[in-house]
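As a plain string of letters, each chain reads:
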Amino acid sequence: MINYITQNSNMESEIERLKERTSNLGTLRQTLKDIHEMESAAVDHLEKSMGDRQEAMELNQTNLFTAIVDNVIDILLKLDKDEDMLLSDNEVNAIIKAIEGINEVDIKDDYLRQKINEYGSSIEGVMRLMNHIFDKTPSIEDYLNVENEQ
């Protein structure tokens, strides 16, 4: 009988230790679940922040491009000194230089010169080129030298 009492006491002690371990496992499981939820929330926040930053960068590029185009017509009319509505090489060079003065942009001079020639080297041709730019929604990098900021 003493043996049963000892075994019973040992079993009760073992049951108590198992209860503590089970309780600790439950706490550990909840802690791991909480950590996982925090990580998910942090990743979601990071993804949203990155998306917001990308949208802001795209908007800045669009605003820069729009500012340039808004000023091109004024520049064209001012620099067409002979008022013949045709653009000589000197007038095209002056236009490119004037555009580069807007927000300190760096135009791909040869590319823009080529496009102006393709569209007829005239004010009307430049207007058609601008319409094409808006219709095709080109990348700003097609016309501007833009450094990627990291």
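See the structure above.
All figures in this text were calculated on a predicted structure; none of them were measured in a lab. (Residues numbered from 1 in each chain as written. Predicted model: local features only at pLDDT ≥ 70, side-chain atom pairs only at ≥ 80, totals over all residues. Heavy atoms only, no water.)

Student: With reference to specific residues and values, describe helix H3 (residues 109-118).
Tutor: Listed as buried for H3 are Leu112, Lys115 and Ile116. For H3, the angular spread of the buried residues around the axis is 100°, confining them to a single face. Glycine 120 sits one or two positions beyond H3 and adopts a positive phi of about 100°. (Buried < 20%, exposed > 50% of the residue type's maximum accessible area, 1.4 Å probe, protein only. Helix = DSSP H or I, 4+ residues; strand = E, 2+ residues; numbered from the N terminus. Arc of directions from axis to C-beta.)

Student: So what's going on with the pattern of salt bridges? Which residues, and what values?
Tutor: Per the stated rule, a full pass over the model turns up four salt bridges. Measuring nitrogen to oxygen at the nearest pair gives 3.0 Å for the salt bridge that ties aspartate 52 to lysine 48. Here the residue aspartate 52 and the residue lysine 48 both occupy positions in helix H1 (residues 2-79), the gap between them amounting to four residues, near one helical turn. Its relative accessible area of 52% is what places lysine 48 among the exposed residues. (Salt bridge = Lys/Arg side-chain N within 4 Å of Asp/Glu carboxyl O.)

Student: Can you tell me about the nonpolar core, naming the residues and giving the values?
Tutor: Ranked by size, the top nonpolar core spans 22 residues in total, and within it Val72, Leu76, Leu87, Ile99, Leu112 and Ile116 carry the most contacts. Those elements that provide at least two residues to this core are H1, helix H2 (89-100), H3 and helix H4 (123-136). Here the element with the most residues in this core is H1; it accounts for six residues. (Core = buried A, V, L, I, M, F, W, Y, C linked by side-chain atoms within 4.5 Å.)

Student: Residue-level account of the side chain of serine 121, with values.
Tutor: Locating serine 121 in the fold gives a position in the loop between H3 and H4. Looking at serine 121, its side chain comes within polar contact range of the side chain of asparagine 117, at 2.7 Å. Apart from residues lying up to four places away in sequence, serine 121 is in contact with Leu86, Leu87 and Ile116. (Polar contact = N/O pair within 3.5 Å; in protein donor to acceptor, adjacent residues only side chain to side chain. Contact = heavy atoms within 4.5 Å.)

Student: I'd like a description of unusual backbone geometry, backed by residues and values.
Tutor: Non-glycine residue methionine 85 carries a positive phi angle of around 65°. A relative accessible area of 43% places methionine 85 in the partly exposed class. Here serine 121, not a glycine, exhibits a phi torsion of approximately 45°, which is positive. Taking relative accessible area as the criterion, serine 121 reaches 16% and is therefore assigned buried.

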